[in-house]
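Architecture at a glance
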Amino acid sequence: MKIKFKETDSKIYSIINSKGLVGYFVNFQNIIQTTFDKRNNSINYYFNLQKKNKEKIYQYKKINNIVDAKKLKFNKGVEYQTIEPLHLGNTVDPLTAVKQILFNDKLNSKCNGNIKIYDGDDVYRVYLTPKKMNKLQVDYGKIKYQTTFSCRVNYEAISGHKLKRKAKLNSLYLDVYFSKVNSKVIPVYFETKVKVIPIKMYLSTVLSP
């Protein structure tokens, strides 16, 4: 899997390409973009996922920090938790959340991050909790990076999800190891599990020499 994450003054975007792993992953391409319009004080969020000849698109607009509810589907059926308008209050898009909660120079070993997210389909909260360090160093190529602290990113489903999946969603986690790179706190290494397979990821866009 290849992941690209980049930020400019006008947008944040991510492109994810997976070549697939039989039994656990499929081939897919995911494009996510958040665009800022400072003149009109608006934000546009766009999500596009292509896999197995199918395409999913989610998008919405925020004006003056309020989600424009036009054309958004809040009630998906009896099997789903209905999204109430009040659930959208104080939400951010997923890419803004990554920037605010993981690329935050004020973050430390207390892991106090907490943020509510609307991704155009579901509303959920992610929050950080301290995690015991079991990896004091990240080796990337010929360079070694000293990790300074670790946090666990936890998931809390709020609405939009399938009711029977709530417990499974709330068990999701991502362990993140942070280091000081060019005097900035940067997440350099990630660990989680998908089914029984451990997943390990490196932030190569920052770590590349």
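Right, let's walk through the structure included here. Predicted model only: the values in this text are computed from it and were never measured.

**Observations concerning the environment of Met133**
Positionally, Met133 belongs in the loop between strand E9 (123–130) and strand E10 (137–140). Overall, Met133 belongs to the partly exposed group, its relative accessible area being 23%. For the pair Met133 and Thr148, spaced 15 residues apart in sequence, the C-alpha separation works out to 8.6 Å. What Met133 contacts, discounting residues up to four positions off in sequence, is Thr147, Thr148, Phe149, Ser150 and Tyr177.

**A short note on the packing of aromatic side chains**
Taken as a whole, this structure holds seven aromatic pairs when the rule is applied. Here the aromatic rings of Phe5 and Phe103 are separated by 5.7 Å at their centres, their planes lie at 5°, and the arrangement is stacked. Of this pair, Phe5 sits in strand E1 (residues 2–7) while Phe103 sits in the loop between helix H1 (94–102) and strand E8 (114–118), placing them 98 residues apart in sequence. A relative accessible area of 28% means that Phe103 is categorised as partly exposed.

**Describing the nonpolar core**
Leu102, Ile115, Ile117, Val126, Leu128 and Phe178 are the most contacted members of the largest nonpolar core, which has 21 residues in total. Per element, the largest residue contribution to this core is five residues, and it comes from strand E11 (residues 143–159). If we skip the residues at most four places from it in the chain, Ile115 touches Val92, Ala97, Gln100, Ile101, Tyr124, Arg125 and Val126. Counting 17 residues, the second-largest nonpolar core is a separate cluster that includes Phe47, Tyr58, Phe74 and Ile83.

The rules behind the values
Residues numbered from 1 in each chain as written. Predicted model: local features only at pLDDT ≥ 70, side-chain atom pairs only at ≥ 80, totals over all residues. Heavy atoms only, no water. Helix = DSSP H or I, 4+ residues; strand = E, 2+ residues; numbered from the N terminus. Buried < 20%, exposed > 50% of the residue type's maximum accessible area, 1.4 Å probe, protein only. Contact = heavy atoms within 4.5 Å. Phe/Tyr/Trp six-rings, centres within 6.5 Å; stacked < 30°, edge-to-face > 60°. Core = buried A, V, L, I, M, F, W, Y, C linked by side-chain atoms within 4.5 Å.

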